[in-house]
Amino acid sequence: MAVFTEVSNEEARELLRRLQLGELVALRGIEGGIENTNYFLTSEQGEFVLTLFERLTAEQLPFYLHLMKHLAYGGIPVPDPRADASGDILHFVGGKPAAVVNKLRGKSQLAPQAVHCAAVGGMLARMHLAGRDFERRQPNLRGLPWWNETVPVVLPHIGPSQAALLRSELAYQNHVAASAAYAALPRGPVHADLFRDNVMFEGEELTGFFDFYFAGVDTFLFDLAVCLNDWCIDLPTGRHDAERATQMLHAYQAVRPLTAAERELLPAMLRAGALRFWISRLWDFYLPREASMLKPHDPTHFERVLQGRIAQPVHAG
């Protein structure tokens, strides 16, 4: 991710010593995101990822770190946080809460085909099932309450037509959230940000999900919708790709069939997923924080996706 906090070689060496991971070989900042500071951390014992948390607090972080531990124990390929001699998996570097996880093999598939979408759908369903008995609870911090708080902040920065769309869609999502069908949706820990760059592949083999720091307890359907809105969309136009979406939905349902309420609300949750990322990208674009590698994403992409989801609803069948 963007580097907000610089980490010295000596700080990295001290952390490796505490975690008994050997001597430092290399330390390199990772660019590409906008939330946390990330470094590739290479030691004598292998390759790791060091994350310094810029927004999440030490009180919030155990949910994310222990969720990854829980999923790894359940056979889901996710980064496994490393503990110190006391068993602690939350550390501090440069005064910031931090974690060290193993680096997953493979690379992100940024031009996915139907086979990749099917792999993501099946593994997402497995992850949802594996997380059902996770005992810690924390809401999705970028859910509806955050949308309601953030929309008034970004409205002054956008044009009248955008503002009208943003207001109307937010009102619609508040209406959906108050419905009986929404209350019936299955819930549990979700990733909530499983974009193409947060999944690793070797060829057609899915080798891992990572970057769980937007995770929280929410509806499984919202998590699936977020995936469909990235993996099964033509990026230049924001248009729906029916073949990729069909493969993802079929693979997901082969592991965890959707309930009647989920099938009913899939079109609404696809709109919700687009709205969530349009709001956050507007916020990051117009109200950015300083960072040495910060590259805010274009917010108009998810405006186009939302317009497409409204104009042409996609159903589970």
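Just so it is clear, the model here is predicted, and its values are computed rather than measured.

Our next topic: the packing of aromatic side chains. Summed over all chains, the structure comprises eleven aromatic pairs. An aromatic cluster is defined as three or more aromatic residues linked by ring pairs; in this entry it consists of F53, F63, Y64, F134 and Y213. Positioned above the aromatic ring of F214, the side-chain terminus of R276 is 5.0 Å from the ring centre. When the ring centre of F277 is taken as reference, the NZ or CZ atom of R276 above it lies at 3.9 Å.

What follows covers the pattern of salt bridges. Taken as a whole and judged by the stated rule, the model has twelve salt bridges. The partner of E10 in a salt bridge is R13, with the nearest N and O atoms 3.7 Å apart. Here E10 pairs with R13, and both are found in helix α1 (residues 9-18), just three residues apart, close to one helical turn. On the basis of relative accessible area, R13 is assigned to the partly exposed category, the value being 31%. Here R271 ties to E169 by a salt bridge, and the two come within 2.7 Å at their closest N and O atoms. A residue pair is termed long-range when its members are at least 10 positions apart, and R271 in helix α9 (residues 260-286) and E169 in helix α5 (residues 160-177) qualify at 102 residues. E169 shares its class with R271; the two are buried. Where salt bridges share partners, they join E10, R13, E14 and R17 into one cluster.

The next subject is the pairing of strand β2 (residues 37-43). With respect to burial, β2 is a largely interior element, five of its seven residues being buried. Two strands pair when backbone bridges link them, and strand β1 (residues 24-29) and β2 are joined in this way by five bridges, in the antiparallel orientation. Pairing of L24 across the sheet is with S43, part of β2. Pairing geometry for β2 and strand β3 (residues 46-52), over seven bridges, is antiparallel. Among the inter-strand pairings, T37 is bridged to a residue of β3, identified as L52.

Rules used in this analysis
- Residues numbered from 1 in each chain as written.
- Predicted model: local features only at pLDDT ≥ 70, side-chain atom pairs only at ≥ 80, totals over all residues.
- Heavy atoms only, no water.
- Phe/Tyr/Trp six-rings, centres within 6.5 Å; stacked < 30°, edge-to-face > 60°.
- Lys NZ or Arg CZ within 6 Å of the ring centre and 35° of its normal.
- Salt bridge = Lys/Arg side-chain N within 4 Å of Asp/Glu carboxyl O.
- Helix = DSSP H or I, 4+ residues; strand = E, 2+ residues; numbered from the N terminus.
- Buried < 20%, exposed > 50% of the residue type's maximum accessible area, 1.4 Å probe, protein only.
- Pairing = 2+ DSSP bridges.

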